Amino acid sequence: MLFRSDFVNNKEISLFVDLGTNGEIALGNCDRILTTSVAAGPAFEGGNISCGTGSVAGAICAVTITRNVEDSEGNTSQLFNVQIKTIHNAQPCGICGTGVIETISELLKCGLVDETGLLADEYFETGFSLTNTENPILFTQQDIRQFQLAKAAVRTGIEVLTKEYGITIAEIDKVYIAGGFGYHLNIEKSASIGLIPPELADRAVAVGNTSLAGIVKYLSDPNALHILQRIKNASEDIILANDGDFQEVYLKNTCLG
């Protein structure tokens with residue numbers, strides 16, 4: 001993954017985040033790289049989400065929620081308008097990782113969930129419907145909590161590595177976001193709910209499945225073994241549990257935004 005992202009040839013400080021059940025994070029440049037892993041859980045891949053699914057045809061991958069304007073008599077047929085996009089534009093069958101991120105971002109934007117992750121009273125018991133169908137795809141309070149746990153793990157990993165490296169978040173020059181859904185991740189919405197530090201949103205790029213891309217590069221680059229050895233020599237693994245502030249930072253990062 002770091003091989004694919006060309007860490008060893010850059011002096012600028014880069015952050016690499018691979019979003020998955022086991023989140024892999026690296027921070028550094030050609031001289032020094034700190035790495036760690038976090039137990040993010042399966043929420044980024046649609047796991048433990050009530051209507052969750054993988055990135056398959058029909059998975060809801062993008063969501064926009066707007067508040068309808070009342071007419072002159074104060075009437076509206078539906079308080080909120082929900083627009084969704086599914087993979088391959090197929091019939092909705094569930095919600096995948098990018099859809100989870102976009103749904104929470106939109107709910108927060110519309111005031112339907114607060115920064116603590118609490119869903120509005122009218123949807124707390126039933127969940128918020130993303131589809132107007134006989135068997136609607138619902139997004140529930142428990143779904144939000146599952147995301148918060150995953151988000152907090154990743155964000156805490158980023159902050160601990162930054163502290164250990166001796167820099168501030170603002171000093172990071174480039175951010176690579178990887179994962180099976182990486183190419184379709186909405187960076188702006190990810191930052192709006194705190195998955196990516198907001199100040200890094202304009203420096204972030206989604207790079208997709210870097211594991212497969214790294215294999216292709218390895219097979220085609222005659223210097224691959226030498227480069228991998230340089231990455232190994234420059235890298236140091238950080239165990240998050242050894243950080244004295246880990247629990248406090250993790251709890252802080254469960255908040256959205």
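A. Layout of the overall build of the chain. What the chain contains, in helices and strands, is 7 helices and 11 strands. For 257 residues, the compact-globule estimate of 2.2 N^0.38 gives 18 Å, and the C-alpha radius of gyration of the chain, at 20 Å, lies within 12% of that figure. Taken over the C-alpha atoms alone, the chain extends approximately 70 × 40 × 30 Å along its principal axes. For the chain, the proportion of its 257 residues judged to be buried stands at 50%. Long-range pairs, those at least 24 residues apart, make up 70% of the contacts in the chain between residues at least 6 apart in sequence. Split by element, the accessible area of the chain, about 12,400 Å² in all, is 50% carbon and sulfur.

B. How the structure looks around the pattern of salt bridges. Counted under the stated rule, the structure contains 9 salt bridges. With its nearest N and O atoms 2.7 Å apart, the salt bridge here joins Lys11 to Asp31. In this pair, Lys11 sits in the segment before strand E1 (14–18) while Asp31 sits in the loop between strand E2 (22–28) and strand E3 (33–39), placing the two residues 20 residues apart along the sequence. Asp31 gets classed as exposed once you look at its relative accessible area, which sits at 51%. The salt bridge partner of Asp202 is Arg203, with a shortest N-O separation of 3.8 Å. Looking at Arg203, the relative accessible area reads 26%, which means it is partly exposed. If you follow the salt bridges from partner to partner, you end up with Glu102, Glu106, Lys109 and Lys189 in one network.

C. Region of the structure containing the sheet that holds strand E9 (residues 174–178). Strand order in the open sheet made by the 6 strands is E10-E9-E1-E2-E3-E11, with mixed pairing throughout. The open sheet has two free edges, formed respectively by strand E10 (204–208) and strand E11 (235–237), since each of these has just one partner strand. Averaged over all adjacent pairs, the angle separating strand axes in this sheet is 20 degrees, with direction ignored. Pairing of E9 with E10, which is carried by 4 bridges, proceeds in the parallel orientation. Within the sheet, the bridge partner assigned to Ile177 lies in E10 and is Ala206. Docked against the sheet, helix H3 (residues 141–165) engages E1, E2 and E3, running at close to 155 degrees with respect to E3.

D. Quick peek at the environment of Leu200. One can find Leu200 in the loop between helix H4 (187–192) and E10. Between the C-alpha atom of Leu200 and that of Gly94, which follows or precedes it by 106 residues, the distance is 30 Å. Once you skip the residues sitting within four places of it in the chain, Leu200 turns out to touch Leu15, Ile169, Ile172 and Val175.

E. Looking closely at the nonpolar core. Leu15 and Val154 are the most contacted members of the largest nonpolar core, which has 58 residues in total. Elements represented by at least two residues in this core include exactly E1, E2, E3, strand E4 (59–67), helix H1 (97–109), H3, E9 and H4. With 10 residues, the single largest contributor to this core is H3. Residue contacts for Val154: discarding those within four places in its chain leaves Val17, Leu19, Ile25, Val38, Ala40, Phe44 and Leu195. The next biggest cluster of nonpolar side chains, apart from the first, holds 14 residues, and it includes Phe16, Val207, Ala224 and Ile231.

F. The pairing of E1, seen in detail. With 5 of 5 residues buried, E1 is to be regarded as a mostly interior element. Burial along E1 is two-sided: Ser14, Phe16 and Asp18 and Leu15 and Val17, pointing in opposite directions, are all buried. As defined by bridge partners, E1 adjoins E2 across 5 bridges and the pair is classed as antiparallel. Each residue of the ladder has a partner; that of Phe16, found in E2, is Ala26. Across 5 bridges, E1 lies against E9 in parallel orientation. Pairing of Phe16 across the sheet is with Tyr176, part of E9.

G. How the structure looks around the confidence of the model for the chain. Within the chain, residue pLDDT values average 89, and 93% of them lie at 70 or more. Confidence scores differ between elements of the chain, with helix H5 (residues 210–220) showing the lowest mean pLDDT of 76 and strand E8 (residues 138–139) the highest of 98.

H. Quick peek at the sheet that holds E4. Spatially, E5-E4-E6 is the arrangement adopted by the 3 strands of the open sheet, whose pairing is mixed. The open sheet has two edge strands, strand E5 (80–86) and strand E6 (94–95), and neither has a second partner. Pairing of E4 with E5 involves 7 bridges; the strand directions are antiparallel. Residue pairing in the sheet places Val63 in a bridge with Ile84 of E5. Lying over the sheet, H1 contacts E4 and E6, oriented at roughly 10 degrees with respect to E4.

About the cut-offs
Residues numbered from 1 in each chain as written. Predicted model: local features only at pLDDT ≥ 70, side-chain atom pairs only at ≥ 80, totals over all residues. Heavy atoms only, no water. Helix = DSSP H or I, 4+ residues; strand = E, 2+ residues; numbered from the N terminus. Rg over C-alpha atoms; globule rule 2.2 N^0.38 Å. Buried < 20%, exposed > 50% of the residue type's maximum accessible area, 1.4 Å probe, protein only. Contact = heavy atoms within 4.5 Å. Areas by Shrake-Rupley, 256 points an atom, 1.4 Å probe, with all protein chains shown as cover. Salt bridge = Lys/Arg side-chain N within 4 Å of Asp/Glu carboxyl O. Pairing = 2+ DSSP bridges. Axes fitted to C-alpha atoms, helices over the stretch in contact; angles between N-to-C directions. Core = buried A, V, L, I, M, F, W, Y, C linked by side-chain atoms within 4.5 Å. pLDDT = per-residue confidence, 0-100.

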